[in-house]
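# Per-entry structural report
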Amino acid sequence: MEEADKIKEISDSIRRINQRFRLLKLLRIAKEEYDRNNYEGCVDTCLKILENNPENSAALRGLGCAMQSLCKPDEAIRCYEEALKYSDKKEVEYTLIGTVYYIQDKFEEALKYYNLAIESNDNYEPAYEGRNQAMLENHLMLVDLQDELIEREIRGH
């Protein structure tokens, strides 16, 4: 019986290694599709990964990036939020969510997520870059609004 148990253990180990190789291959394919702007292909590959690995944060993140590139920001945010549940690098997902809001000119929301990213990892430079840009854009928007109010006041008198 010991020999049969050892064979089963070796077989299970080989099966896990094969699954890991398939997963890595699919992740590589998804990235290549994304890099070639084949976002639909990237979505399909990420969904294949998630069929067997629904908690794979890299596939969820890739799916979110593809959705964002397909101009589906709500779906992208949903994917990033799902990835947050399983990720050990939450600063990445927070920064990606912040970027979706930044692109939509929702600077306060963007700042919230960039700050969460910085709280998760205060060495994560993309979060600082995103936050600084969102702060600048928010400031410029306020200056434009102030200028418009001043102009209205001048015309009104």
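Computed from a predicted model, the values in this text were never measured in an experiment.

### What about the side chain of Glu93?
In this structure, Glu93 sits in helix H5 (residues 90–103). By relative accessible area, Glu93 is classed as buried at 0%.

### Topic: H5
Note on helix geometry: an α-helix contains 3.6 residues per turn, so any two residues three or four positions apart are oriented the same way. For H5, which comprises 14 residues, the first-to-last C-alpha distance of 20 Å matches the rise-based estimate of 20 Å (1.5 Å per residue) to within 8%. Here H5 has its buried residues at Glu91, Val92, Glu93, Tyr94, Thr95, Leu96, Ile97, Gly98, Val100 and Tyr101. In this structure, the buried residues of H5 make contact with helix H3 (57–69), helix H4 (73–86), helix H6 (107–120) and helix H7 (125–156). The positive-phi residue at the C-terminal boundary of H5 is Asp105, with phi of around 60°.

### Digging into the nonpolar core
One finds Leu63, Tyr80, Ile97, Tyr101 and Ala134 to be the most contacted residues of the largest nonpolar core, which totals 36 residues. At the level of secondary structure, the elements contributing two or more residues to this core comprise helix H1 (2–35), helix H2 (39–52), H3, H4, H5, H6 and H7. For this core, the element with the most residues is H6, which contributes seven residues. What Tyr101 contacts, discounting residues up to four positions off in sequence, is Ile77, Lys106, Glu109, Ala110 and Tyr113.

### Some remarks on the pattern of salt bridges
Taken as a whole, this structure holds five salt bridges when the rule is applied. Its salt-bridge partner being Arg28, residue Glu32 comes within 3.0 Å of it at the nearest N-O pair. Of this pair, Glu32 and Arg28 both sit in helix H1, four residues apart, which is roughly one turn of that helix. Residue Arg61 pairs with Glu93 through a salt bridge whose shortest N-O separation is 2.8 Å. Of this pair, Arg61 sits in helix H3 while Glu93 sits in helix H5, placing them 32 residues apart in sequence.

Parameters and conventions
Residues numbered from 1 in each chain as written. Predicted model: local features only at pLDDT ≥ 70, side-chain atom pairs only at ≥ 80, totals over all residues. Heavy atoms only, no water. Helix = DSSP H or I, 4+ residues; strand = E, 2+ residues; numbered from the N terminus. Buried < 20%, exposed > 50% of the residue type's maximum accessible area, 1.4 Å probe, protein only. Expected span 1.5 Å × (residues − 1). Contact = heavy atoms within 4.5 Å. Core = buried A, V, L, I, M, F, W, Y, C linked by side-chain atoms within 4.5 Å. Salt bridge = Lys/Arg side-chain N within 4 Å of Asp/Glu carboxyl O.

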